[in-house]
Amino acid sequence: MRVLFAGTPDVAVPSLDALVEAGFDVVAVLTRPDAQLGRKKIMTPSPVAARAAELGIPVVKASRIDEGVESSLRAFSPEIAAVVAYGALIPAAALEIPTHGWVNLHFSLLPAWRGAAPVQYAVINGDDVTGASTFLLEPGLDTGPVFGTMTESVKPTDTAGELLVRLSHSGSALLVQTIAAIGSGQVVPVPQTGDVTSAPKLTIGDARVDWEKPALAIRRHINGVTPEPGAWTMADGQRIKIGPVRISGDTHKLLPGEVSRDEAGNVVVGSGSGSLVLGQIQPAGKKSMFGTDWFRGASQSKKVVFE
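Quick caveat, the model's predicted, so the values are computed rather than measured.

A. Broad picture of the pattern of salt bridges. A full pass over the atoms with the stated rule returns nine salt bridges. Where Glu-152 meets Arg-166, a salt bridge forms, and the shortest distance between an N and an O atom there is 2.9 Å. One end of the pair, Glu-152, is in strand E9 (residues 146-153); the other, Arg-166, is in helix H6 (residues 160-183), and 14 residues separate them in sequence. Judged by relative accessible area, Glu-152 falls into the buried class, the value being 17%. Here the salt bridges do not stand alone but share partners, grouping Asp-17, Arg-51 and Glu-54 into one network.

As structure tokens, then:
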């Protein structure tokens, strides 16, 4: 089949590669426009755009699909469209362009975690199992009938970034199987059933650590917002980024946010219940460093408390 692929970030690249390797005729790629990256604000194509250029596939760049973009997409005469983290809504008129519609690869077991941040919410909420779903795109947000699913275990140490990388590869196989089955008429989408949960985009404010919560909840929260938008806290009026942490076995009672050392020399911080061992942290305006190196300087003249 003639496939239009819509995607933008790194996690969409494995699906584009899988479709090409499976022999599908990927006639065009739809992706977000170039963006400024790095301190020098260099205009850089999206990972999907860069990969499409390497593969010799025509690229349409758009932050939203208007009539002009719709006209461009129609010119490629796609029979089906595959969507993996494109980053914008597909309007109703555009949904009618491919003969077989738009198939979305979503990184959750729908109807769980509908929205922009399904993997982050799965980690934050301590899900033992998550996965990916392929479904027929419709005007509602992640509400369409499901073609297929696959599952993935969530490790206690997983960050959202690590889990998403695994899902991007295993999910690409599901996407290929789904499109092949649609092409041969061997699959019919099934309406979603079960409890609906929402996973809206997380903001910087959502990523601030609340040290009053239990240690387990804090660990899940920090892992869930790593690498984006990135966990952070305040200390002595300065914002500090917090890397993944682990729960400490130290029995010494620390107040929520109080930072100290345990008997093994680890830097630990108190919570509402238990304490956590700090790994990497990044003070404002500085490079990321080990918590032990940071604490050596920060604790010389005063008690350190995270707010």
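Text resumes after the structure shown.
B. Looking closely at the environment of Gln-177. Its location among the elements puts Gln-177 in helix H6. For the pair Gln-177 and Asp-293, spaced 116 residues apart in the sequence, the C-alpha separation amounts to 49 Å.

C. Representation of the packing of helix H1 (residues 13-21) against helix H2 (residues 47-55) within the structure. Relative to each other, H1 and H2 sit at 25 degrees, their axes nearing to 9 Å. Judged by the inter-axis angle, H1 sits roughly parallel to H2. Relative to H2, H1 is oriented so that their crossing is right-handed. Of the residues in H2, those touching H1 at Val-13, Leu-16, Asp-17 and Val-20 are Pro-47, Val-48, Arg-51, Ala-52 and Leu-55. In the contact of H1 with H2, the residues fall into seven nonpolar, no polar and two charged.

Cut-offs used in this document
Residues numbered from 1 in each chain as written. Predicted model: local features only at pLDDT ≥ 70, side-chain atom pairs only at ≥ 80, totals over all residues. Heavy atoms only, no water. Salt bridge = Lys/Arg side-chain N within 4 Å of Asp/Glu carboxyl O. Helix = DSSP H or I, 4+ residues; strand = E, 2+ residues; numbered from the N terminus. Buried < 20%, exposed > 50% of the residue type's maximum accessible area, 1.4 Å probe, protein only. Axes fitted to C-alpha atoms, helices over the stretch in contact; angles between N-to-C directions. Parallel < 35°, antiparallel > 145°, perpendicular 65-115°, else oblique. Left-handed = near helix turned anticlockwise from the far one by under 90°. Contact = heavy atoms within 4.5 Å. Nonpolar A, V, L, I, M, F, W, Y, C, P; charged D, E, K, R; others polar.

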